[in-house]
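Chain by chain, the residues:
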4 protein chains.
Amino acid sequence: MINIGIIGYGYWGPNLVRNFSEIPGAQVKTVSDFKPDLLAKVQARYPKINVTTDCRHIFTDPNIDAVAIATPVSTHFHLALAALQAGKHVLVEKPMTVTSEQAIRLIEEAEKRNLVLMVDHTFVYTGAVRKMRELVATKAIGDIYYYDSVRVNLGLFQHDVNVIWDLAVHDLSIMNYVLGTQPYGVSATGMSHVPGEPENIAYLTLFFEGNLMAHIHVNWLAPVKVRRTLIGGSQKMIVFDDLEPSEKLKIYDKGITLNGNAESVYQMMIGYRTGDMWSPNLDMTEALRTEGLHFIDCIKAGDRPITDGEAGLRVVRILEAATQSLKKQGQLIELNLAEVAA
Amino acid sequence: MINIGIIGYGYWGPNLVRNFSEIPGAQVKTVSDFKPDLLAKVQARYPKINVTTDCRHIFTDPNIDAVAIATPVSTHFHLALAALQAGKHVLVEKPMTVTSEQAIRLIEEAEKRNLVLMVDHTFVYTGAVRKMRELVATKAIGDIYYYDSVRVNLGLFQHDVNVIWDLAVHDLSIMNYVLGTQPYGVSATGMSHVPGEPENIAYLTLFFEGNLMAHIHVNWLAPVKVRRTLIGGSQKMIVFDDLEPSEKLKIYDKGITLNGNAESVYQMMIGYRTGDMWSPNLDMTEALRTEGLHFIDCIKAGDRPITDGEAGLRVVRILEAATQSLKKQGQLIELNLAEVAA
Amino acid sequence: MINIGIIGYGYWGPNLVRNFSEIPGAQVKTVSDFKPDLLAKVQARYPKINVTTDCRHIFTDPNIDAVAIATPVSTHFHLALAALQAGKHVLVEKPMTVTSEQAIRLIEEAEKRNLVLMVDHTFVYTGAVRKMRELVATKAIGDIYYYDSVRVNLGLFQHDVNVIWDLAVHDLSIMNYVLGTQPYGVSATGMSHVPGEPENIAYLTLFFEGNLMAHIHVNWLAPVKVRRTLIGGSQKMIVFDDLEPSEKLKIYDKGITLNGNAESVYQMMIGYRTGDMWSPNLDMTEALRTEGLHFIDCIKAGDRPITDGEAGLRVVRILEAATQSLKKQGQLIELNLAEVAA
Amino acid sequence: MINIGIIGYGYWGPNLVRNFSEIPGAQVKTVSDFKPDLLAKVQARYPKINVTTDCRHIFTDPNIDAVAIATPVSTHFHLALAALQAGKHVLVEKPMTVTSEQAIRLIEEAEKRNLVLMVDHTFVYTGAVRKMRELVATKAIGDIYYYDSVRVNLGLFQHDVNVIWDLAVHDLSIMNYVLGTQPYGVSATGMSHVPGEPENIAYLTLFFEGNLMAHIHVNWLAPVKVRRTLIGGSQKMIVFDDLEPSEKLKIYDKGITLNGNAESVYQMMIGYRTGDMWSPNLDMTEALRTEGLHFIDCIKAGDRPITDGEAGLRVVRILEAATQSLKKQGQLIELNLAEVAA
């Protein structure tokens, strides 16, 4: 039985507590939050769970094996480091940290102590994203040409981070997992429409080796909610619409065919191919349950999780570089992700 | 009666001939194309119209008042210049020319000769776009925050121009007309997926003075067809979906409200406002008919058309700069549109 | 403070307990269910609520003022009658009873004892349905021509009642409330596709005085989920799509206009009118909360609820008659609802 | 070469002329219409086609092999009979005739003279309908449970026939072709909302042997346009949405599974199965071209067309019976279609 301590019972914490309470082989021992009224909710709902306003009680409890951290991003580094230094396995919310230096420090600490360090890139554990990964990895889509994602809605404006750190973090974690390859540079643009507040609209272009590119559009000030990703390949193309109650994924047997030789562009004939569309039935298990089971399995087997510290670091590096590019109105910022072990 | 000569009977020419044949006060006198089989179609359909494989017959005909040019973009400049020099009013397809220098030269020639020079930015004459212009101009939307447009589909790949010159030209002409203000710079990214061919996917960010920005996504290699524009304002927000058979325009009474003083960002409270949605009934007259009537009216009254040479030049400048930025992976290119008289 | 006893903690009971626990002026005193494991859930979630496997403890508790019944329909009559005879106000799930005789008996008992008898026609308390009622009642729609509703999905097959009693009951309660007038007859057709089981697909036509008609399509065996109602009026037409996350209600300024005199049908010219569409912002309060507040208000003020026993009886009469017509493959069955006091 | 005469150049006639002009092995020799202005359009567009205001010139022309009739339904019988008696093959618009007696008379005349008699049930020749027929005929859908179709929009009100004869005729011809089996009875309801005019809204239920049923909803007074058919089968279910520009057909691997024995309904367990969805690429050839080629092939080979006189008669019988049932507010009317040779 893996005993878990959970820090933070605000927006996401209740989902962690609920899921870890239902996962075989795990149990939630303690929840900490500095707001007593939130802890009262824990007690009413889960009488057997201990509560505390001081998270150090979790670090010092020798019966706690692992810690899940669901607090504001600015606190991730210190809490995760303290947990690792206390010998606990760690699951930390995304974005992993505020800087890539912090992320590297956590990775080193976990490796030194042989502890599991996992980042809660929840979408990676959905049936839709895992199916896309499979379709890409098995070459069912052919060579990948582009990845294009839109994630816009009205609200919730953040005061401490811009819309890239709040929304694009999802797309970047999905993109990295699905494509299985890393961009070498980013160009970003964006703007703030509230004086003194961070950017609420942003556009990112990611450049990869070869002829692959990605683009992400995020916006807190849109009249309609959109969650839509297009993946274009040489054989097939995918539309992923996460707002569809069913049929979230549609795979189109569409594309172009090239005829003729390359001696002259005018001899290159481009044909258009339109075939069937197919929408696979997806595993609808709650992502956080799948993810929690994976975390427990990794702890037990000493395995490295799919969304490990390096996955978290890669996303933080892109977020940093994108914010930098945004200040320079789209100038390319190089990423050097190759040095991060895959 | 205004007599019109039409050069080019390929994709768009037949629409010009049909509309000018039905507009009161105008008649098509001659159609030229270098393909005899296309001219045979004109004769079968419109026995009274003269046809010729040599467009110079149009320029030298003293009974022809105006010329409409629907040929590949590389020929626009020479044909339009010859028409103006022959004393004819000119309606030229978009993009107006290959370079801004050419556009300036045409504007000067038309001004010198007191002739109407109009660019066929067709969308500007649709009911939907004119309604958006009205909503923006009357401040019904409030201050404009952003303009975001997506125009993607499978095909039709062009060999001589990239996707920006083929598709974004529509969005730029709509954007300039609706916003009524000019961007000062552009950052663009894009890629080609066919060896030796121009870019088939591209993203443009346009920067304006103040906190207004625009973004355009164009793609010849998308599994689904999308034609969707969002306009965010301080009072209301617009969704324009041109593929909707009816209800193309939806105006959302949605937005944010700011409370508190600006001394501290943490004292700034952001509220979310959701009200009714309204979809105005639109004038469904064919855009080319409205445009053709406007061309004839301008010729008769000596007026400057809505989509005059300067409007065409502004779009060409942005297309040039965007292509330049695209080569530099998103680096900002300044536009200097202010010097183009509005 | 109104003390409430709730009988049945299966599918719907938890919603009743949750809402009545949060309504000012009410508190849930006791929950009964014959399954101890369900009662254990109540205790874990609401430690202050008493639980019992014997609902008679609710009837005999002098501190309980009102009883909410969320059990299978076959038990509604006996439980509601016992509650009324014990002097309790009653809120009973829909359909109110298995027969109209039972419904009449309950109405009489409640009237005799001056107790509130309310049927849980939940949809009547949604913002969308109340807005439709307002649009119809204020004649904003003009004269009503038809009411057409589709409620289909895959599952959940019932063993004891056919699809009319399970799904059409919603549409009938909405229809009666929105139209404010009663049908005089019903023609229904339907079929069972599982041997020995009740009908899983059915179509009902309701006839009203004048030229108003209604139609309801219900189906447990459909590949897609549809919840869509059309209301056609002489001035405007409504589309109510309950699966839309927002914009559930769209009001179209569309219709026909009649010109000429009625002497000859060939002199009657029919014109088509298309104007704006408008989607009003709706009150999104949970319907059961609005309904619970109304129940408490009626008890305190001695008022008759909107969905009173007569409303429940009218729906049961239509369900009875529709099932009868269905056996006769569409033959009209008269309803005699006029005798039910409005 | 088959020479064709076409009677009627109103709404549908121009489509017949255009298609038969482009079909190899056929040519349009003469077009007749009693309106000279319509004939002038024929001459302008097709200088080689003869025109006449007197359709008898078509019957008496020994060089004309076949006649296509696109006139109001009340004239179909006399024109088709005259054409057959003149020895011409006949293609007649739907509905075939005003009465089933007339349809039988035409069938007999054609058989006696060994001429092709074909009814223009255009939808039968679309790629979508032929694909549905294939899926049903090959049992890919399993046993068919129901066929449900909605065909509603605003306008075009007819003065001489009710909405069943105008719109349901399409659904009935599709249904008969796709299911390949005939209903034994019909129950219909409907209403007129314009004084003195035929019914503008109607609902038809068709009963078949076994547990198959069909339902058709037609309406000239709907705020939105809907063209949607559901087909439920034991193995799969189809959604056909004809307004979708692509993906008109979606096949859902969904349904129920039955477990347990039939001794007791309470031992029958119903499970729900949800698998992939698949949208086959469809032949997008214009239906009228496919149909015209078939007509010519049948004439040359002496074959019976898919939509022969019997197919037309079966639809007319259902239309007659439905109108009869409608007057009796849903009473079942038997059809006796078995006696019509399949």
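Starting afresh in each chain, residues are numbered from 1 along the sequence in its written order. Key to labels: chains lettered from A, ligands numbered from 1, both in the order written. With the structure being a predicted model, the display of local features is reserved for residues of pLDDT at least 70 and the display and counting of side-chain atom pairs for 80 or more, all residues being used for whole-chain, interface and lining totals. Computation of side-chain values: all heavy atoms of the structure, hydrogens and water removed.

### Considerations on the overall build of chain A
Selection rule: A run of H or I in DSSP counts as a helix once it spans at least four residues, and a run of E counts as a strand once it spans at least two, with each numbered from the N terminus. Only C-alpha atoms enter the radius of gyration, while the globule expectation follows 2.2 Å times N to the 0.38, with N the number of residues. Throughout, exposure labels follow a simple rule: accessible area from a 1.4 Å probe, protein chains only, divided by the maximum for the residue type, with under 20% read as buried, over 50% as exposed, and the rest as partly exposed. Should any heavy atoms of two residues lie within 4.5 Å, those residues are counted as being in contact. Note on areas: these come from Shrake-Rupley sampling with a 1.4 Å probe, and a residue is covered only by the protein chains present in the view. As used throughout, the charge tally considers Lys and Arg to be positive and Asp and Glu to be negative, leaving His and the chain termini uncounted. In plain terms, the charge of a residue is placed at NZ if it is Lys, CZ if Arg, CG if Asp and CD if Glu.
Assigned secondary structure in chain A consists of nine helices and 15 strands. Taking 20 Å as the expected radius of gyration for a compact globule of 342 residues, we find that chain A reaches 21 Å, a close match to that expectation. Dimensions of chain A along its principal axes, counting C-alpha atoms only, are 75 × 45 × 40 Å. Here chain A, with 342 residues, has 62% of them falling under the buried criterion. The long-range fraction of contacts in chain A, counting pairs at least 24 apart against all pairs at least 6 apart in sequence, stands at 66%. Carbon and sulfur atoms form 50% of the exposed surface of chain A, whose accessible area is close to 13,200 Å². Computed over 32 positive and 38 negative side-chain charges, the separation of the two mean positions in chain A equals 4 Å.

### With respect to the interface of chain C and chain D
Reports often express the size of an interface as the amount of accessible area lost when the parts come together. Let me state the cut-off plainly: As used here, buried area is the combined drop in accessible area, with a 1.4 Å probe, of two parts when they are placed together. Any Lys or Arg side-chain nitrogen located within 4 Å of an Asp or Glu carboxyl oxygen qualifies as a salt bridge. Counted as a polar contact is a pair of N or O atoms within 3.5 Å, where, for protein atoms, one must be capable of donating a hydrogen and the other of accepting one, and residues adjacent in sequence contribute only when both atoms are in side chains. All amino acids are sorted into three groups, where Ala, Val, Leu, Ile, Met, Phe, Trp, Tyr, Cys and Pro are nonpolar, Asp, Glu, Lys and Arg are charged, and the leftover types, Gly among them, are polar.
Facing 57 residues of chain C, the contacting portion of chain D comprises 57 residues. Counting the surface lost from both chain C and chain D, the interface buries some 5,000 Å², and carbon and sulfur atoms represent 71% of this. Counting across the chain C and chain D interface gives zero salt bridges. Applying the counting criterion to the chain C and chain D interface returns 17 residue pairs in polar contact (both at pLDDT 80 or more). Listing elements by their share of the side of chain C that touches chain D, those giving two or more residues are β7 (144-154), β8 (185-191), β9 (201-207), β10 (213-219), β11 (221-233), β12 (237-241), β13 (249-259) and β14 (269-279) of chain C. Take the side of chain C that touches chain D: its biggest share by element is seven residues, from β11 of chain C. Its residues assigned to classes, the side of chain C that touches chain D comprises 32 nonpolar, 19 polar and six charged.

### Quick word on the sheet that holds strand β5 (residues 89-93) of chain C
Residue and element names in this part refer to chain C. Heads up, the rule is: Strand pairing is assigned whenever DSSP detects at least two bridges linking the two strands. Axes here mean lines fitted to C-alpha atoms, for a helix over just the part in contact, with angles spanning 0 to 180 degrees between N-to-C directions.
Read from one edge of the open sheet, six strands run β3-β2-β1-β4-β5-β6, paired in parallel fashion. Here the strands that pair on one side only, and so sit at the sheet edges, are β3 (50-52) and β6 (117-120). Looking at each pair of strands side by side, their axes are set apart by 20 degrees on average, direction ignored. Where strand β2 (residues 26-32) meets β3, three bridges bridge the pair, whose relative direction is parallel. Following the sheet pairing, Thr 30 is matched in β3 by Asn 50.

### Looking at unusual backbone geometry
Residues and elements named next belong to chain A. Residue Gly 155 is joined to Leu 156 through a cis peptide bond whose omega torsion reads -5 degrees. With respect to the element layout, Leu 156 can be found in the loop between β7 (144-154) and α7 (163-179). Look at Asn 114: it is not a glycine, yet its phi comes out positive at around 60 degrees. Looking at the element boundaries, Asn 114 is found in the loop between α5 (100-113) and β6 (117-120).

### Overview of the sheet that holds strand β6 (residues 117-120) of chain D
Residues and elements named next belong to chain D. Taken in spatial order, the six strands of this open sheet run β3-β2-β1-β4-β5-β6, and their pairing is parallel. Two strands close off the open sheet at either side, each with one partner strand: β3 (50-52) and β6. Along the sheet, successive strands turn relative to each other by an average axial angle of 20 degrees, direction set aside. Where strand β1 (residues 2-7) meets strand β2 (residues 26-32), six bridges bridge the pair, whose relative direction is parallel. Residue pairing in the sheet places Ile 4 in a bridge with Val 28 of β2. In the packing of helix α2 (residues 36-45) onto the sheet, contacts are made with β2 and β3, and the angle to β3 comes to roughly 175 degrees. Sheet strands touched by helix α4 (residues 73-85): β1, β4 (66-69) and β5 (89-93). Its angle to β5, the strand with the most contacts, is close to 170 degrees.

### Examining the relation of the copies chain C and chain D
We apply this condition: In superposing the copies, a least-squares fit is computed on C-alpha atoms, taking residues whose pLDDT is at least 70 in both.
Between the two copies, chain C and chain D, the superposition gives an RMSD of 0.0 Å; the rotation angle is 180 degrees and the shift along the axis is 0.0 Å. Given the turn and translation reported, the copies of this chain are related as if by a two-fold rotation axis. In this assembly, 100% of the residues forming the interface of chain C have copies in chain D that are likewise at the interface, indicating an isologous arrangement.

### Here we look at the packing of helix α1 (residues 13-22) of chain B against helix α8 (residues 287-301) of chain B
All names here are of chain B. Put simply, the rule is: Here roughly perpendicular refers to angles of 65 to 115 degrees, roughly parallel to angles under 35, roughly antiparallel to angles over 145, and oblique to all remaining angles. Each crossing gets its handedness from the near helix: less than a right angle anticlockwise from the far helix is left-handed, clockwise is right-handed.
Where α1 contacts α8, the axes come no closer than 9 Å and their chain directions differ by 60 degrees. If you check the angle between α1 and α8, you find them oblique. The element α1 and its partner α8 pack so that their crossing is right-handed. Within the contact between the two elements, α1 uses Asn 15, Leu 16, Asn 19, Phe 20 and Glu 22 and α8 uses Leu 288, Arg 289, Gly 292, Phe 295 and Ile 296.

### Topic: the interface of chain A and chain B
Taken together, the 57 residues of chain A in the interface contact 57 residues of chain B. For the pair chain A and chain B, the number of links is zero salt bridges. Joining chain A to chain B, the criterion identifies 17 residue pairs in polar contact (both at pLDDT 80 or more). Those elements that provide at least two residues to the side of chain A that touches chain B are β7, β8 (185-191), β9 (201-207), β10 (213-219), β11 (221-233), β12 (237-241), β13 (249-259) and β14 (269-279) of chain A. Among the residues making up the side of chain A that touches chain B, the classes are represented as 32 nonpolar, 19 polar and six charged.

### Some remarks on the relation of the copies chain A and chain B
Least-squares fitting of chain A to chain B yields an RMSD of 0.0 Å, with the superposition described by an axial translation of 0.0 Å and a rotation of 180 degrees. The residues that chain A uses at the interface reappear at the interface of chain B in 100% of cases, marking a shared surface.

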